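Spelled out from the first residue to the last, the chains are:
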Amino acid sequence: MRGKGASGLVCLLLAALLTGCRGPAGTSAGDARPTASSGYGTGFLAVGACSSFGTSRVTEVPCASERAAARVVARYDGAAADGPLCPPTTDFVLHIGARGYACMRELEPPHPGDPGGGGGPRTIPGDCVYTSGAGQVRETPCDGSGGHRPQYRITEAAATRADCPASTALYVQLGGDEPVGCARRL
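For clarity, every value in this text was computed on a predicted model and none was experimentally measured.

Chemist: Could you give me a rundown of the overall build of the protein chain, with the residues and numbers involved?
Modeler: Broken down by element type, the protein chain carries one helix and ten strands. Beginning at the N terminus, the succession of helices and strands in the protein chain can be written as α-β-β-β-β-β-β-β-β-β-β. Considering the protein chain as a whole, with its 186 residues, one finds that 42% of them fall into the buried category. When contacts within the protein chain are restricted to residue pairs at least 6 apart in sequence, those whose partners lie at least 24 apart make up 48%.

Right, here's the structure in full:
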């Protein structure tokens, strides 16, 4: 692809990357399916491929390149809101136009998707949250380095609220097979 169509596509990729690319944690599986070769050409950002970060466009680069910034850990067709959840320690989701999405892991720390890291598209056990409004919480780094002090730590995931320990002070929606996060006050 060359010309206006290609530059428009690149702008769409960059816009998706810069907006955080977060999907709802409890989305249903829908009809999305894993793929190793969908996108803008055979194998574009397939599982194991690396991408660069840039101010003008995101490109696929060799993982050994000094421009490599993140690796694809999972790749799906369709919209993230309708597809499978990314792996728990995914750092960010890269939306690839209307063709799908890639679950990305940065090559260098810090990893916001790690437990307690304060980010990533999923909230998982080990993460810390603070209350951000009536019935809402947001993730923040457990070490206090974020803009908000952590108030709760998710100690485990459970199938139902009844499966949480008695010390649970807050229930957090996680999605997946164990959709209830059991959190204790810090």
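Chemist: Kindly report on the sheet that holds strand β2 (residues 60–61), identifying the contributing residues and their values.
Modeler: Taken together, the five strands give an open sheet; going across it, the order is β2-β1-β3-β5-β4, and neighbouring strands pair in antiparallel fashion. The open sheet terminates on both sides in strands that have one partner only, identified here as β2 and β4 (92–96). Across seven bridges, strand β3 (residues 68–77) lies against strand β5 (residues 100–106) in antiparallel orientation. Paired with Arg75 across the two strands is Ala102, which belongs to β5.

Chemist: Describe the pairing of β3, with residues and values.
Modeler: Of all the ten residues making up β3, eight are buried; the element is thus mostly covered by neighbouring parts of the structure. Taken together, the three bridges between strand β1 (residues 50–52) and β3 define a ladder with antiparallel strand orientation. Across the sheet, the residue bridging to Cys50 is Arg71, located in β3.

Chemist: Residues and numbers for the nonpolar core, please.
Modeler: Across soluble globular proteins, nonpolar side chains show a tendency to be buried alongside one another. Counting ten residues, the largest nonpolar core consists of Phe44, Leu45, Val58, Ala70, Val72, Phe92, Leu94, Ile96, Ala102 and Met104. For this core, the elements supplying multiple residues, two or more each, are β3, β4 and β5. Ranked by the residues each element gives to this core, the list is headed by β4, at three residues. Membership of the second largest hydrophobic core comes to eight residues, among which are Tyr152, Leu170, Val172 and Ala183.

Chemist: Account for the confidence of the model for the protein chain, naming residues and giving values.
Modeler: On average, residues of the protein chain score 80 in pLDDT, and 76% of them reach the 70 mark or higher. Note on residues 1–42: pLDDT under 50 across the span, and 75 contacts to partners over four residues away in sequence or across chains.

Chemist: Requested: an account of the pairing of β4, with residues and values cited.
Modeler: A regular strand places its side chains so that they alternate between the two faces of the sheet. In terms of residue burial, β4 counts as a mostly covered element, since four of its five residues are buried. Examined bridge by bridge, β4 and β5 share five bridges and lie antiparallel to one another. In the sheet register, Leu94 faces β5, and the bridge partner there is Ala102. Linking β4 to β5, which pair antiparallel, is a turn of three residues; within it Gly97 sits at a positive phi near 55°.

Chemist: Requested: an account of the sheet that holds strand β10 (residues 180–185), with residues and values cited.
Modeler: Strands sit in the order β7-β6-β8-β10-β9 across an open sheet of five strands; the sheet is antiparallel. The open sheet terminates on both sides in strands that have one partner only, identified here as β7 (136–140) and β9 (170–173). Put simply, the sheet's adjacent strands are angled 45° from each other on average, direction ignored. Across four bridges, the pairing between β9 and β10 is antiparallel. The partner of Leu170 across the bridge, within β10, is Ala183.

What counts, and where the lines are drawn
Residues numbered from 1 in each chain as written. Predicted model: local features only at pLDDT ≥ 70, side-chain atom pairs only at ≥ 80, totals over all residues. Heavy atoms only, no water. Helix = DSSP H or I, 4+ residues; strand = E, 2+ residues; numbered from the N terminus. Buried < 20%, exposed > 50% of the residue type's maximum accessible area, 1.4 Å probe, protein only. Contact = heavy atoms within 4.5 Å. Pairing = 2+ DSSP bridges. Core = buried A, V, L, I, M, F, W, Y, C linked by side-chain atoms within 4.5 Å. pLDDT = per-residue confidence, 0-100. Axes fitted to C-alpha atoms, helices over the stretch in contact; angles between N-to-C directions.

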